[in-house]
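Working through the structure, step by step
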Amino acid sequence: VLGGTQDAFLLALEPSGVLRTSTYWGGSGEDRAEALALTPSGPYIAGQTYSTDAVPTPNALMNMPRDGFVAGFTVDATAVAYMTYLGGPQATPSTIRRTAALAYDSTNGDLIAAGSSWLNDFAASPIPITPGAIASTPIGSDDIYLVRLASSSGILKASTLFGSPSLDQLEA
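So, here is what we can say about the structure in this document. Since the structure is predicted, the reported quantities are computational estimates derived from the model, not experimental observations.

Things to note about the pattern of salt bridges
Per the stated rule, a full pass over the model turns up 5 salt bridges. A salt bridge links glutamate 30 to arginine 32; its shortest N-O distance comes to 2.7 Å. Given a relative accessible area of 30%, glutamate 30 falls into the partly exposed group. The partner of lysine 157 in a salt bridge is aspartate 110, and the shortest N-O contact between them spans 2.9 Å. You can see lysine 157 sitting in strand β10 (residues 156-162) and its partner aspartate 110 sitting in strand β8 (residues 110-117), a full 47 residues away along the chain.

Below, the structure is given as structure tokens:
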């Protein structure tokens, strides 16, 4: 069911092209999927949400709305198994962060998500910058964030900021 003015969607096709399953994801605002990763436990999407009522799962890294997000679905894509926001505490309609890239590392089962953090508030978010990070404090006015999550649990394995002294935005 469409929940807002624009929702992310996920669909799976049989090799013959016949629709296997499809679903919407999002809250009452605009929600955009910008990246997809397929894992043995199910598909994941990442993007940005303007919704304030998209509900993260209990094991989420953060639960502040209007941010980038990562959402994982069951293998049959009928239910959300994991959802977290990624971004910072100062989100407003004009400072939305977005998660623009998502990859599955099959060597260890991790998800790698990357995005842009406007106003450089990712460093102030509830997501800790982990030891060995490229940068643990903001570098410029807007930086790129990179996080590594265990795809089976959403546990944070690593996170960092990187960028230049000017404006940096990730496009994938």
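What to know about unusual backbone geometry
The bulk of non-glycine residues show a negative phi, and the bulk of peptide bonds are trans. The phi dihedral of alanine 77 is positive, around 60°, even though this residue is not glycine. Of note, alanine 77 is situated in the loop between β5 (68-73) and β6 (80-86).

Digging into the packing of aromatic side chains
Applying the stated criterion across every chain yields a total of 1 aromatic pair. For the ring pair tryptophan 25 and phenylalanine 69, a centre distance of 4.2 Å and an interplane angle of 25° mean the geometry is stacked. With tryptophan 25 in strand β2 (residues 19-25) and phenylalanine 69 in strand β5, this pair connects stretches of sequence that are 44 residues apart.

Side note on the nonpolar core
Judged by nonpolar contacts, the single largest core of 18 residues is most densely connected at Val70, Leu86, Leu102, Leu111 and Leu149. Listing elements by their share of this core, those giving two or more residues are β3 (31-39), β4 (42-49), β6, β8, β9 (143-150) and β10. Here the element with the most residues in this core is β9; it accounts for 3 residues. The contact partners of leucine 149, leaving out residues within four places of it in the chain, are Leu61, Tyr82, Gly109, Asp110, Leu111, Gly154, Ile155 and Leu156.

Reading the values: the criteria
Residues numbered from 1 in each chain as written. Predicted model: local features only at pLDDT ≥ 70, side-chain atom pairs only at ≥ 80, totals over all residues. Heavy atoms only, no water. Salt bridge = Lys/Arg side-chain N within 4 Å of Asp/Glu carboxyl O. Buried < 20%, exposed > 50% of the residue type's maximum accessible area, 1.4 Å probe, protein only. Helix = DSSP H or I, 4+ residues; strand = E, 2+ residues; numbered from the N terminus. Phe/Tyr/Trp six-rings, centres within 6.5 Å; stacked < 30°, edge-to-face > 60°. Core = buried A, V, L, I, M, F, W, Y, C linked by side-chain atoms within 4.5 Å. Contact = heavy atoms within 4.5 Å.

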